Amino acid sequence: MTVAVNRIDRLFADRSRKRFIPFITVGDPTLEATYQIAHALVEAGADLLELGIPYSDPLADGPTIQRASQRALENGVSITDALQLVGRLRESGMEASLVLFSYFNPVLQYGVDRFFADLAKFGADGVVIPDLPIEENGPAVEAAKKYGIHVISLVAPTSESRIQTIGEQATGFLYCVSSLGVTGARASLREDLADFLGRVKASTTVPTAVGFGISTPEQVKAVAPHTDGVIVGSAIVLEIERHVDQLKDPNQSKEAVEKIKTFVHQLASALQ
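Residues numbered from 1 in each chain as written. Predicted model: local features only at pLDDT ≥ 70, side-chain atom pairs only at ≥ 80, totals over all residues. Heavy atoms only, no water.

## Quick word on the overall build of the protein
For the protein, the helix and strand inventory stands at 13 helices and nine strands. Over its C-alpha trace the protein gives a radius of gyration of 17 Å, about what one expects of a compact globule, namely 19 Å for 272 residues. C-alpha atoms of the protein, sized along the principal axes, occupy 50 × 45 × 35 Å. In the protein, 74% of the contacts between residues at least 6 apart in sequence involve partners at least 24 apart. Carbon and sulfur atoms make up 50% of the accessible area of the protein, which totals about 11700 Å². The centroid of the 25 positive side-chain charges in the protein is displaced by 4 Å from the centroid of its 33 negative side-chain charges. (Helix = DSSP H or I, 4+ residues; strand = E, 2+ residues; numbered from the N terminus. Rg over C-alpha atoms; globule rule 2.2 N^0.38 Å. Contact = heavy atoms within 4.5 Å. Areas by Shrake-Rupley, 256 points an atom, 1.4 Å probe, with all protein chains shown as cover. Lys, Arg positive; Asp, Glu negative; His and termini not counted. Charge placed at Lys NZ, Arg CZ, Asp CG, Glu CD.)

So this is what it looks like as structure tokens:
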């Protein structure tokens, strides 16, 4: 099997420019809305999209993303829908890197090898599995390598002695958790964040991207000097939530998507 060069590797080949990585939940509030929003995010300046597969027990996610998952699950959105959405985005000509975010149980139920084969088939570049520690990710990593997919590792301030091990095993990019606890917008960032990010960068050869709690252009600008990419999730999902009714209405959805695009453009522009 010939595996193509992964888009994430191409994206970060030039470290001179910071990358903007937004997160949205697939199917929130509808699959069609997610498709339209995904294109708007790229137009707004996104370099890589993180697409969350809705799950009933999202342990790492705060209330904002929990509500988004619930809205998607009420529509019956599944892991298959997420994969097919990736395929639809690729068929539409989208070239941005696409990474799925999933807890391990849906992957296990779907079948590990089948999941990574379908990631490659539909055009995804990687996956984040927050509840799969590196000590137990062997089968997933083996399947990922087989199909040219990156399993994106997470590293947190509490990782301490494990930072070096996680950094050495990382591929694609290393997802740095900027704050303790679950996802969610924060009024301020940790005072020791720069020190933590410095230790992570010293542990690995792959690019780093920082997320969890980053929600304003000012915060994006503040963390940018210490990382290769900035991830924003809850703030964008909350903006989607504010326009749920309009996004569901074909007569109002275009206007709602434009408002979300403007919001995200302000965040992405902070990196320039």
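Back to the write-up after that little detour.
## Quick word on the pairing of strand 9 (residues 229-232)
What you see with strand 9 is no split at all: G229 and I231 on one side and V230 and V232 on the other are buried throughout. Taken together, the four bridges between strand 1 (residues 19-25) and strand 9 define a ladder with parallel strand orientation. Within the sheet, the bridge partner assigned to F20 lies in strand 9 and is V230. Note: strand 8 (residues 208-211) against strand 9, two bridges, orientation parallel. (Buried < 20%, exposed > 50% of the residue type's maximum accessible area, 1.4 Å probe, protein only. Pairing = 2+ DSSP bridges.)

## Some points on helix 4 (residues 79-91)
Along its 13 residues, helix 4 runs 19 Å from first to last C-alpha, staying within 8% of the 18 Å computed at 1.5 Å per residue. Considering only its buried residues, helix 4 is in contact with helix 1 (7-11), helix 2 (31-44), strand 2 (48-52), strand 3 (97-101), helix 5 (104-110) and helix 6 (112-122). Trailing helix 4 by a residue or two, G93 shows a phi angle of about 100°, which is positive. (Expected span 1.5 Å × (residues − 1).)

## A look at the nonpolar core
The biggest cluster of nonpolar side chains holds 73 residues, and the ones touching the most others in it are F20, I37, L51, F115, F116, L119 and V232. Looking at this core, the element that brings in the most residues is helix 2, giving seven residues. Among residues more than four places away in sequence, those in contact with F115 are I53, I79, V107, Y110 and V127. Membership of the second largest hydrophobic core comes to 22 residues, among which are A68, Y103, F173 and V177. (Core = buried A, V, L, I, M, F, W, Y, C linked by side-chain atoms within 4.5 Å.)

## A look at the sheet that holds strand 5 (residues 150-152)
Ordered by their spatial adjacency, nine strands build an open sheet running 5-4-3-2-1-9-8-7-6, and the pairing between neighbours is parallel. With partners counted over all chains shown, the strands left at the sheet margins are strand 5 and strand 6 (154-155), one partner each. Of the pairings in the sheet, the one linking strand 6 to strand 7 (residues 174-177) comprises two bridges and is parallel in character. Note on strand 7: the bridge partner recorded for V155 is C176.

## As for the environment of Q219
Mapped onto the elements, Q219 comes out in helix 10 (residues 217-223). On a C-alpha basis, the gap between Q219 and F104 in space is 30 Å, while along the polypeptide they are 115 residues apart. Engagement of the side chain of Q219 in a polar contact is seen with the backbone nitrogen of S215, the distance being 2.7 Å. (Polar contact = N/O pair within 3.5 Å; in protein donor to acceptor, adjacent residues only side chain to side chain.)

## Details of the side chain of H243
Residue placement: H243 occurs in the loop between helix 11 (234-242) and helix 12 (244-248). A relative accessible area of 9% places H243 in the buried class. Only 2.9 Å separates the side chain of H243 from the backbone oxygen of E239, close enough to count as a polar contact. Excluding residues within four positions of it along the chain, H243 makes contact with A256, K259 and I260.

## Looking at the packing of aromatic side chains
Here a ring pair, both rings aromatic, is described through the centre-centre distance and the interplanar angle of the planes. Overall, the coordinates contain seven aromatic pairs when judged by the stated rule. Between F12 and F173, the ring centres sit 5.8 Å apart and the planes meet at 45°, which makes this aromatic pair tilted. Of this pair, F12 sits in the loop between helix 1 and strand 1 while F173 is found in the loop between helix 8 (163-169) and strand 7, placing the two residues 161 residues apart along the sequence. What makes F173 buried here is its relative accessible area of 2%. (Phe/Tyr/Trp six-rings, centres within 6.5 Å; stacked < 30°, edge-to-face > 60°.)

## Let's talk about the packing of helix 2 against helix 4
One can describe the packing of helix 2 onto helix 4 by two numbers: an axis separation of 11 Å at closest approach and a directional angle of 45°. One way to sum up the angle between helix 2 and helix 4 is to call them oblique. In terms of crossing hand, the pair formed by helix 2 and helix 4 is right-handed. On the side of helix 2, the interface is formed by L31, E32, T34, Y35, A38 and H39, while helix 4 contributes D81, L85, R88 and L89. Split by residue class, the contact of helix 2 with helix 4 holds five nonpolar, two polar and three charged. (Axes fitted to C-alpha atoms, helices over the stretch in contact; angles between N-to-C directions. Parallel < 35°, antiparallel > 145°, perpendicular 65-115°, else oblique. Left-handed = near helix turned anticlockwise from the far one by under 90°. Nonpolar A, V, L, I, M, F, W, Y, C, P; charged D, E, K, R; others polar.)

## Let's talk about the side chain of D125
Inspection of the secondary structure assignment puts D125 in the loop between helix 6 and strand 4 (126-128). One polar contact links the side chain of D125 to the main-chain amide nitrogen of L98, over a distance of 2.8 Å. Discounting residues that sit within four places of it in the chain, D125 has contacts with N6, R7, I8, R90, A96, S97, L98, I149 and H150.

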